[in-house]
Amino acid sequence: MSRSAPLGAPSEARNVLAITSFRRLWISLSLSSLGDWLSLLALMSLAVIFTADAAPLAGHLAVAAVVAIKLAPSILFSPLAGALAEKLDRRWTMVGADVVRGLLYVSIPVVGLLWPAFALQWLFIASLLAEVVALLWTPAKDSTVPSLVPRRQLAEANRLTLLAAYMTAPVAALLFAALASISNILGALVPSLANPEADIALYLNGLTFFVAAIVVATLPIPKHNPGLSAASPNRDGAVLSSVLTGPRHVGATALGRGLVVGLLTAVAAGAAVIGVGRAHVEALGAGNGGFGVLFAAVFGGVALGMVSGPRLLKKFSRRRLFGLVLVLASIALLFTGLVWDMVLSAVLVLVLGFGSGVAAGTGLRLLGTAAASTAGTTSEESVHRERAFAFVHGAARLTFLVAAVLAPVLAGLAGDHTVPIGAQLEYDLWGTGIVLTAVGLVALVLSAVAHRLVNRDDPEAGPGLLPELFAALRGIDPNADDGDGEVRTPGAFVVVEGGEGAGKSTQVRELTVWLRDQGFEVVGTRQPGATKLGMRLRGILLDRENSHITPRAEAMLYAADKADHVEQEILPALRRGAVVISDRYVDSTLAYQGAGRELEIDDLREVNRWATQNLVPDLTVLLDVRPQDGLGRLGGPADRIESESVDFHERVRREFRTLADADPDRYLVVDASEPREKITRQIQKRVRSLLPDPVPSSSEAVTGMIPIIRDED
Ligand SMILES: Nc1ncnc2c1ncn2[C@@H]1O[C@H](COP(=O)(O)OP(=O)(O)O)[C@@H](O)[C@H]1O
Ligand SMILES: Cc1cn([C@H]2C[C@H](O)[C@@H](COP(=O)(O)OP(=O)(O)O)O2)c(=O)[nH]c1=O
């Protein structure tokens, strides 16, 4: 199944970026994010460099302090700062904050040069002050975006802003590695640089803030403040409160719990690498360059995983994929702690990032479905989904903070050891390596738990995991017959069945519109009579003049219509990845010609299996209604079949129900005497579980990762 018209098509991004003032803001935000990531790398490096002569524990603690200073304030204090920022002028808050932050970052290397003894303390103080200033800047920035772009493009604008915030991480890391690789030259050119790459990174960061200040100063930001708090309900504001209230929205099912455990495990694994990375590469004989590479490998891997996840093993259950990639990531982390080679470590960390990225992509989609399934109405669904995303985003940030701070502290406490192996050999066991391996082991256990929870009650579980995996690995041809004889296609095939006047055409129409609205390609069709031949067959079959048609001939004519319809219309659409919704299909033959005309059901099955190339619906919705009621709804003269006896129609109804009862996983039986809207909602709820989850635009404000998913296909 795939979405043929993704809501976040690149052209939408282009349209938003065509708004000059937003484009300028966006470019300056991207620059600032790049600078910010660069400064994180530089500060962590400097923390290690400044404590090189002290006890090893001091270095680890210094790194932990840098991480805490960079990440904790926004999580803990943003609601307070948000309230304060509301009272300030947005433009000048942003300009002021940018200038002050720029000066603070530039001051770090300057103080290091002038008063080396005070360097580390000032590093902490300056970066803490910069984060405090950022607390005011963030809400001002969040509320500026809505005044620059029209409301309907707001979601896309927020998506782009978040993309800039996260996707600049690997770029900054590579830039840092590049600076490190030419640090000798830089040092020779400018002898006053004590630590060339870190110092330059900080100067560059300062520069990006000055540029941002100039850009913002010239933006047309209206003084009036259109709902500052409404503009960013969850982004930073209520991290803690959404973490506290969120579990209600995801914890109700095993699937929800498993997804949360898995997603947070992936975050903790990545955070551990960031936390001990700088010290670990030192032990590997690499320096800042190695750290840059490691950092880029984590974030680059995550980005790669998120983008390619949906295309990965398309035939394989998403729930199983989620567990599998988590296990893969954990094992990669476990080995990262054991190998003592920079290149191998970078590759393993890339695998870790990739696994986490795929897990995040698939996990967030599944989470949307899981959260929505606990809701009763469509509007409740989006609230549930939003809260679930806000919870996971908040919990992920907290987890990242805790893991990235704890990892270096634990590495310091574990200490470095040399283990003798035999007489001559010895094995170096570094504190950082011990932590990585230990976190890898814990992650492995948690991944297994997540895997079990997520797959516990999977209605679509295939055969065993390994057979399914091997089949998916081999399954290059999406139409390949996978052993059970059914045709498999990338699209989804939904059939609506029921007696006369049950409301089939009405519901097919509703479902078609609803799915199209969400960006799916949908083909709404019917039997008999969708093709040229079908229309002629329909004429013959329904014409009351043709009272002489024998039951077997009737069955064959309906089968001929199906053969033509499947070959010419349904299969091509499914192969394109479309959702096909058909008003009637094979079950109608089993019910009308089988039970109604009293032909042998098994014979009919066989003939129709052949006629339809064994194409079986993914879901059949049975609209169950008493024949009198259904026939009573119809206007106009009755056709050849409608004019059959009530007894005939009773048999038809019974057969439909027998078919549905025999395979509840593939059927949804709905009481068709209920009001139309209620039936529509029931159908939507069930159909949604068949399809990839459409991400509500509102939830993008709270997950930095979702925007990448929306770029699928
Ligand atoms: N749930 C419902 N309650 C009452 N009337 C309905 C309902 N659904 C559809 N109808 C009406 O019943 C008639 C038959 O509906 P239709 O969708 O054409 O049925 P079918 O395709 O199953 O023959 C139409 O006039 C339609 O407006
Ligand atoms: C598809 C199919 C339809 N039929 C009958 C049921 C309907 O009476 C008729 C199709 O008419 P149609 O007008 O499409 O049904 P509805 O009025 O419910 O929308 O053909 C069969 O007997 N066997 C079949 O395989």
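Residues numbered from 1 in each chain as written. Chains lettered and ligands numbered in written order. Predicted model: local features only at pLDDT ≥ 70, side-chain atom pairs only at ≥ 80, totals over all residues. Heavy atoms only, no water.

### Side note on the environment of Thr432
Part 1 of the reasoning: Topologically, Thr432 is positioned in helix H17 (residues 431-455).
Part 2 of the reasoning: Linking Thr432 and Ala411, residues 21 residues apart in sequence, is a C-alpha distance of 4.9 Å.
Part 3 of the reasoning: If we skip the residues at most four places from it in the chain, Thr432 touches His60, Val276, Ala279, His280 and Ala411. (Helix = DSSP H or I, 4+ residues; strand = E, 2+ residues; numbered from the N terminus. Contact = heavy atoms within 4.5 Å.)

### Focus: the site of ligand 2
Part 1 of the reasoning: In the vicinity of ligand 2 there are 15 residues, among which Glu500, Lys504, Lys562, Arg584 and Thr589 approach most closely.
Part 2 of the reasoning: Here an oxygen atom of ligand 2 and a side-chain polar atom of Glu500 are 2.7 Å apart.
Part 3 of the reasoning: Taking Lys504, its side chain carries an N or O atom lying 2.8 Å from an oxygen atom of ligand 2.
Part 4 of the reasoning: About the coverage of ligand 2: the protein hides 94% of its 540 Å² of free accessible area.
Part 5 of the reasoning: If you list the elements that add at least two residues to the shell around ligand 2, you get helix H20 (532-542), helix H21 (551-576) and helix H22 (586-596). (Near = heavy atom within 4 Å. Polar contact = N/O pair within 3.5 Å; in protein donor to acceptor, adjacent residues only side chain to side chain. Areas by Shrake-Rupley, 256 points an atom, 1.4 Å probe, with all protein chains shown as cover.)

### What about unusual backbone geometry?
Part 1 of the reasoning: Cis geometry is adopted by the peptide bond preceding Pro528, which originates at Gln527 and carries an omega value of -10°.
Part 2 of the reasoning: Examined against the element boundaries, Pro528 turns out to sit in the loop between strand E4 (522-526) and H20.
Part 3 of the reasoning: In this structure, Arg584 is a non-glycine residue whose phi angle is positive, near 75°.
Part 4 of the reasoning: Position of Arg584 among the secondary structure elements: in the loop between strand E5 (579-583) and H22.

### Overview of empty space enclosed by the protein
Part 1 of the reasoning: Within the structure shown, the criterion is met by 6 cavities of 30 Å³ or more.
Part 2 of the reasoning: Roughly 100 Å³ of volume is contained in the second largest cavity.
Part 3 of the reasoning: Within the residue set of the lining of the second largest cavity, elements represented by two or more residues are strand E6 (619-624), helix H24 (627-633) and helix H25 (646-662).
Part 4 of the reasoning: It is H25 that contributes the most residues to the lining of the second largest cavity, 4 residues altogether.
Part 5 of the reasoning: The residue makeup of the lining of the second largest cavity, split by class, is 7 nonpolar, 4 polar and 4 charged. (1 Å grid on protein atoms, 1.4 Å probe; cavity = no way out; pocket = protein on both sides within 12 Å on 5 of 7 lines; lining within 4 Å. Points joined across faces, edges and corners; volume = space filled by probe spheres on them. Nonpolar A, V, L, I, M, F, W, Y, C, P; charged D, E, K, R; others polar.)

### What to know about the sheet that holds E6
Part 1 of the reasoning: Overall, parallel pairing links the 5 strands, which are arranged E4-E5-E3-E6-E7 in an open sheet. Single-partner strands in this sheet number two, and they are E4 and strand E7 (667-671). Across the sheet, the axes of successive neighbouring strands diverge by a mean angle of 20°, strand direction being ignored.
Part 2 of the reasoning: The pairing of E4 with E5 spans 5 bridges and is classified as parallel. Each bridged residue has a counterpart across the sheet, and for Val523 the counterpart in E5 is Val580.
Part 3 of the reasoning: Against the sheet, H21 contacts strand E3 (492-498), E4 and E5, and its axis sits at roughly 160° relative to E4. (Pairing = 2+ DSSP bridges. Axes fitted to C-alpha atoms, helices over the stretch in contact; angles between N-to-C directions.)

### Some details on the site of ligand 1
Part 1 of the reasoning: Around ligand 1, the structure places 13 residues, and the nearest of them are Gly503, Lys504, Ser505, Thr506 and Glu674.
Part 2 of the reasoning: Backbone polar atom of Ala502 to an oxygen atom of ligand 1: 3.2 Å apart, as the coordinates give it.
Part 3 of the reasoning: Within the contact set of ligand 1, a nitrogen atom lies 3.4 Å away from a side-chain nitrogen or oxygen of Arg633.
Part 4 of the reasoning: Here ligand 1 loses 72% of its free accessible area of 560 Å² to cover by the protein chains.
Part 5 of the reasoning: Taking a 2 Å distance to the grid points as the criterion, the majority of the atoms of ligand 1 fall inside the second largest pocket.
Part 6 of the reasoning: Of all the secondary-structure elements, those providing two or more residues to the shell around ligand 1 are helix H19 (504-517) and helix H26 (676-688).
Part 7 of the reasoning: The dominant element in the shell around ligand 1, judged by the number of residues it contributes, is H19, at 3 residues.
Part 8 of the reasoning: Looking at the shell around ligand 1, its residues break down into 4 nonpolar, 5 polar and 4 charged. (Sits in = over half its atoms within 2 Å of the grid points.)

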